[in-house]
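# Chains, contacts and geometry: an overview
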Amino acid sequence: MNEKDAMTLAAEAREAAAASYSPYSGYPVGAALLARDGSVWRGCNVENASYGLTMCAERTALFKAVSEGRRDFAAIAIAGGTPDAPAVPCGACRQALAEFCTPETPVVVVPLSGGGPVVRTLGDYLPHAFGFPSK
Ligand code: THU
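Residues numbered from 1 in each chain as written. Predicted model: local features only at pLDDT ≥ 70, side-chain atom pairs only at ≥ 80, totals over all residues. Heavy atoms only, no water.

## Points about the site of the ligand
For clarity, the cut-off: Nearness is defined per residue: one heavy atom within 4 Å of the molecule or strand is enough. Polar contacts, as used here, are pairs of N or O atoms within 3.5 Å; protein pairs need one atom able to donate a hydrogen and one able to accept it. Residues neighboring in sequence count only if both atoms are side-chain atoms. Per-residue accessibility takes into account occlusion by the displayed protein chains alone, with areas from the Shrake-Rupley method and a 1.4 Å probe. In this classification, Asp, Glu, Lys and Arg are treated as charged, Ala, Val, Leu, Ile, Met, Phe, Trp, Tyr, Cys and Pro as nonpolar, and every other residue, Gly included, as polar.
Surrounding the ligand, one finds Ser25, Tyr27, Val29, Asn45, Glu47, Thr54, Cys56, Ala57, Glu58, Val88, Pro89 and Cys90. Within the contact set of the ligand, an oxygen atom lies 3.1 Å away from a backbone nitrogen or oxygen of Val88. Here an oxygen atom of the ligand sits 3.3 Å away from a polar atom, N or O, in the main chain of Cys90. For the ligand, the protein covers 79% of the area, taking 370 Å² as the surface of the free molecule. Residue composition of the shell around the ligand, grouped by class: seven nonpolar, three polar and two charged.

Okay, structure coming up:
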């Protein structure tokens, strides 16, 4: 994935973070998931007074897309954190993404503001992912 495409998707993730509901952590996160048909699915983190019910931005975006019939994805961008410590996908989101992506799928991370995007792959974040052999 080239720098320009990474920045375009990262900009969408930053915009998605504007809708974050994160009164407990004060840590807004946005995600933008690019489907192979060209559609972009935005998500943000949605927290809850019962903390464990919190949904991450990445899974919000993924579940929105899958529930609207998309199953093939080209890339995901995540916006959160600071230039010194940008948000990276949590373990649960890595596994959820592995269900519909490949180890080669680009994962773009960018701080909420300042700093440029860093592109790695889902395989970098989740090597040796669990999956059913029959799938
Ligand atoms: N969070 C995300 O939305 N995505 C991540 O990859 C990391 C964590 C959210 C969950 C919670 O609302 C807040 O960030 C602090 O953990």
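Picking up where we left off.
## Some points on a nonpolar patch on the surface
Condition: Patch rule: a residue counts if its relative accessible area is over 30% and it has no salt bridge; like charges are joined within 9 Å, and nonpolar side chains (Val, Leu, Ile, Met, Phe, Trp, Tyr) within 5 Å. What counts as a salt bridge is simple: a side-chain nitrogen of Lys or Arg found within 4 Å of a carboxyl oxygen of Asp or Glu. What counts as a helix is a DSSP run of H or I of at least four residues, what counts as a strand is a run of E of at least two, and both are numbered from the N terminus. Between buried and exposed lies partly exposed: a residue is buried under 20% and exposed over 50% of the maximum accessible area for its type, with that area taken using a 1.4 Å probe on protein chains only.
Residues Tyr21, Tyr24, Val46 and Tyr51 make up a contiguous nonpolar surface patch of roughly 440 Å² in combined accessible area. Note on placement: Val46 falls in the loop between strand 2 (40-44) and helix 2 (57-67). Residue classification places Val46 among the partly exposed positions, given a relative accessible area of 37%.

## Details of the packing of aromatic side chains
Stated precisely, the cut-off is as follows: What counts as a ring pair is set by centres within 6.5 Å for rings of Phe, Tyr and Trp (its six-membered ring), and what kind of pair is set by the plane angle: stacked under 30 degrees, edge-to-face over 60, tilted for all other angles.
Applying the stated rule across the entire model yields two aromatic pairs. Here Tyr24 and Tyr51 contribute two aromatic rings whose centre-to-centre distance is 5.6 Å and whose plane-to-plane angle is 40 degrees, an arrangement assigned as tilted. Here Tyr24 is found in the loop between helix 1 (3-17) and strand 1 (29-35), whereas its partner Tyr51 is found in the loop between strand 2 and helix 2, with 27 residues between them in sequence. On the basis of relative accessibility, which here comes to 41%, the residue Tyr24 falls in the partly exposed class. Look at Tyr51 and you get exposed, because its relative accessible area is 59%. Judged by centre distance (5.6 Å) and plane angle (70 degrees), the rings of Phe130 and Phe132 are edge-to-face.

## What about the layout of surface pockets?
Note the following rule: Lining residues are those with an atom within 4 Å of a point, where the points come from a 1 Å grid over the protein atoms alone and group into cavities, where a 1.4 Å probe fits but cannot get out, or pockets, open sets with protein on both sides within 12 Å along at least five of seven lines. Grid points are joined across faces, edges and corners, and a volume is the space filled by probe spheres set on the points.
Considered as a void within the structure, the largest pocket measures approximately 160 Å³ in volume. A breakdown of the residues in the lining of the largest pocket according to their chemical character gives seven nonpolar, three polar and two charged.

## Re the sheet that holds strand 3 (residues 73-80)
Stated precisely, the cut-off is as follows: When DSSP finds two or more bridges between two strands, those strands count as paired. All axes here are fitted lines through C-alpha atoms, helices being fitted over the stretch that makes contact, and every angle between N-to-C directions spans 0 to 180 degrees. Throughout, a residue-residue contact means that at least one pair of heavy atoms, one from each residue, lies within 4.5 Å.
The sheet built from five strands is open, its strands ordered 2-1-3-4-5 with mixed pairing. The two strands at the open ends of the sheet, each matched to only one other strand, are strand 2 and strand 5 (118-121). When strand polarity is set aside, the average angle formed by the axes of neighbouring strands in this sheet is 20 degrees. Sheet strands touched by helix 1: strand 1, strand 2, strand 3, strand 4 (106-110) and strand 5. Its angle to strand 1, the strand with the most contacts, is close to 135 degrees.

All quantities given are derived from atomic positions and should not be read as evidence of function.
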